[in-house]
Each structure stands twice: as C-alpha cells, then as structure tokens.
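# Coordinates in review
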Amino acid sequence: MRRLLPLPAEDVDPYDAARPAGDGPLLRINFVVSADGLAADEDGRSGGLGGPGDHDLFRALRAHADGILVGAGTARTEGYGPHRLRADLAARRAADGRDRPAAIVLVTRSLALDLTSEVFTAAVTPTVVVTCAATPAAARAAAARAGVLVVAGEDQVDLPLAVRLLREDHGLAHLLCEGGPRLVQSVLGAGLADELCLTVAPLVLGAEGPRFVGRLPGRVPLDLASVHDQGGELFLRYRIPAARG
Ligand SMILES: NC(=O)c1ccc[n+]([C@@H]2O[C@H](COP(=O)([O-])OP(=O)(O)OC[C@H]3O[C@@H](n4cnc5c(N)ncnc54)[C@H](OP(=O)(O)O)[C@@H]3O)[C@@H](O)[C@H]2O)c1
C-alpha cells in the first residue's frame, strides 16, 4: 500500500496505516463505494467492490477496534460471522494490549436475527445485540442467552445512548462501524462518528442500488487526514470535526 498524503511513502503496512491518532474513544466508519457512489455490487454485496488492498485495510481496521458495529440488514445480507484475526494481526493486536478479537455488535430494531448462526455460536468474544425496549421480551431474553444484550431507547434504538453503554458498561471504547447505509445514516446523523475511512473502488457500476448514505439532517464537513492507494483503489481517511460522540 502506498501513502500519497500527508507524506508520500511506499510499502506502508495497512495495520500502521489504520492506526488511530490517539488512545481515546473513537468511532470510525469504514465503507467502500464504486466511483459512482454505489455501496453494493450487482449481487447486492459490498465484498465485490473492494480489491486486495481494501480487504487488507478492512482487516487492519478491525484489528485496532474493540467492537465492530453493524446493522442487522448487512449482517443478514452478508452472512456476518464472528471477528477472526489472522495470526500476524493477532500478534500486533496483542502487542497493542488487545488480547481477544473484537466483539461484533449487531444493531437491530426487529431482533430478526438467526441466533444459531456462527456470529453467536462461534464467537470467542461474545456478540452484542443492541436493540430497544419495544421488542418482545421473549426475543430479548433469547438474544441475551445467545450473546450480550444492550437495550438503548424505548421505541427506537437510541444510538448515542447505545454507544455510551457499549463504552461504559462493556469496555468497547473504539468502535468500528461497517455499515450498512442505514446504520451509517443514523451514526452520521447523530454526530457520533469521529472518522470516515472511505475506499473508492476504481469502477463505475452504472447500476441502481444502495448508496453510501441517504438524507441527513445537514452537511457533514470532513477534514482529509490521509490518502493511500493500492492497485487503483483509493483509501481516504477523513476526520469529522463536528463529532459529538
Ligand atoms: N459498501 C459498503 O461498505 C457496505 C457496508 C455494509 C453494507 N453494505 C451493503 O448495504 C446493503 C444493506 O443495506 P442496509 O441499509 O439494509 O444495511 P444496514 O444499515 O446494515 O441494515 C439496516 C437494518 O439494520 C438495523 N438498523 C440499522 N440502523 C438502525 C438504527 N439506527 N436503529 C435500529 N436498527 C437499525 C435494522 O435492522 P432490523 O430490520 O433488524 O430492525 C435495519 O433494518 C447490502 O447490500 C450490503 O451489502 C455495503
């Protein structure tokens, strides 16, 4: 991976490129789009948009995180499993003081989750389910048996409260939000994101489909922090100065 900004460098290690600026709480969004802004390929999945560089960065961003926040829609479409670390990344993560994989954190209003899937049954670090109090008590109890339950909000998931509970009660200070578009919309709309890591794939899809984000309460100004590339993929890292998280 090559760094173009702030200082050009060849052969940059993705784990180093993904290293946060400080040790404090952080909420990062990681997202890949085609050059025309689409969030999924013709098969309705995001994996086909990113190449080897994006996959390396995806793994490196995960290796720095305490929790991986994902919308239930994406977990269902993409068949999410637990966080599994490659040996080299596990060693680097351990050297940075994180001895277990990150927790997958599923955000859902409906609790329509497959509790027998590997994201629950094969997780070394228990998977967290974030939902609201309006869900049926029996479904909440089942989710609590399968993983860790966080109830935030009454009729809707209160994301600012959820992020606070994940940090204060569950030790998940550094959260990586992997989408999808509806969750990103809520996270950005609530001013919770400190950083946006956006991969632009060298591809115009020219199709209909989910886009990066829909309507927000207002503009979100971004500060460009770094630019890397590999094989034509552009990795843009922005700080979000207006974050209120
Ligand atoms: N390009 C990328 O980087 C990327 C990343 C991720 C996903 N994707 C693509 O995006 C598509 C999926 O889009 P999507 O918008 O359906 O994904 P999503 O945001 O992951 O899922 C939407 C669902 O997640 C839950 N959810 C999201 N935000 C919530 C909130 N604020 N409060 C409560 N629940 C919330 C709800 O689940 P319930 O229905 O269970 O209530 C909602 O129906 C797929 O094609 C996927 O491949 C692309």
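Everything numeric here is computed off the predicted structure, so don't read it as measured data.

### As for the site of the ligand
- With respect to spatial proximity, 27 residues lie near the ligand, and among them Val32, Thr74, Glu78, Thr108 and Ser110 are the closest.
- Between the ligand and the protein, one listed contact pairs an oxygen atom with a backbone N or O atom of Ala72 at 3.1 Å.
- When the ligand is considered free in solution it has 900 Å² of accessible area, and contact with the protein chains removes 87% of it.
- Looking at the shell around the ligand, the elements that each hand over two or more residues are β2 (26-33), α3 (72-78) and α8 (181-189).
- Ranked by residues supplied to the shell around the ligand, first place goes to α3 with five residues.

### Description of the sheet that holds strand β9 (residues 223-230)
- Within the open sheet, the ten strands sit side by side as β1-β9-β10-β8-β2-β7-β3-β4-β5-β6. Their pairing is mixed. Strand pairing shows two members of the sheet lacking a second neighbour, β1 (2-5) and β6 (148-151), which therefore form its edges. Averaged over all adjacent pairs, the angle separating strand axes in this sheet is 20°, with direction ignored.
- Relative to strand β10 (residues 233-239), strand β8 (residues 195-200) runs antiparallel, the two sharing six bridges. When the sheet's bridge partners are listed, Cys197 is paired in β10 with Arg237.
- The strands touched by helix α2 (residues 52-64) within the sheet are β2, β3 (67-71), β4 (103-107), β7 (174-177), β8, β9 and β10, with β10 carrying the most contacts at an inclination of about 30°.
- Strands in contact with helix α6 (residues 137-146) are β5 (128-131) and β6; relative to β6, the strand with the most contacts, it is inclined by about 135°.

### Digging into the domain arrangement of the protein
- Under the domain assignment, the protein is made up of domain 1 (27-39 + 46-65 + 190-245) and domain 2 (70-173).
- Look at where the C-alpha atoms of domain 1 and domain 2 centre, and you get two points 21 Å apart.
- Taken together, the contacts link 13 residues of domain 1 with 15 residues of domain 2.
- Both sides together, the interface formed by domain 1 and domain 2 hides about 1100 Å², and carbon and sulfur atoms give 51% of it.
- By the criterion of area lost to domain 2, the three top residues of domain 1 are Arg62, Ala63 and Leu192, representing 44% of everything that side buries.
- Counting the contacts that link domain 1 with domain 2 gives zero salt bridges.

Thresholds applied
- Residues numbered from 1 in each chain as written.
- Predicted model: local features only at pLDDT ≥ 70, side-chain atom pairs only at ≥ 80, totals over all residues.
- Heavy atoms only, no water.
- Near = heavy atom within 4 Å.
- Polar contact = N/O pair within 3.5 Å; in protein donor to acceptor, adjacent residues only side chain to side chain.
- Areas by Shrake-Rupley, 256 points an atom, 1.4 Å probe, with all protein chains shown as cover.
- Helix = DSSP H or I, 4+ residues; strand = E, 2+ residues; numbered from the N terminus.
- Pairing = 2+ DSSP bridges.
- Axes fitted to C-alpha atoms, helices over the stretch in contact; angles between N-to-C directions.
- Contact = heavy atoms within 4.5 Å.
- Domains from an automatic or database assignment.
- Buried area = accessible area lost by both parts, 1.4 Å probe.
- Salt bridge = Lys/Arg side-chain N within 4 Å of Asp/Glu carboxyl O.

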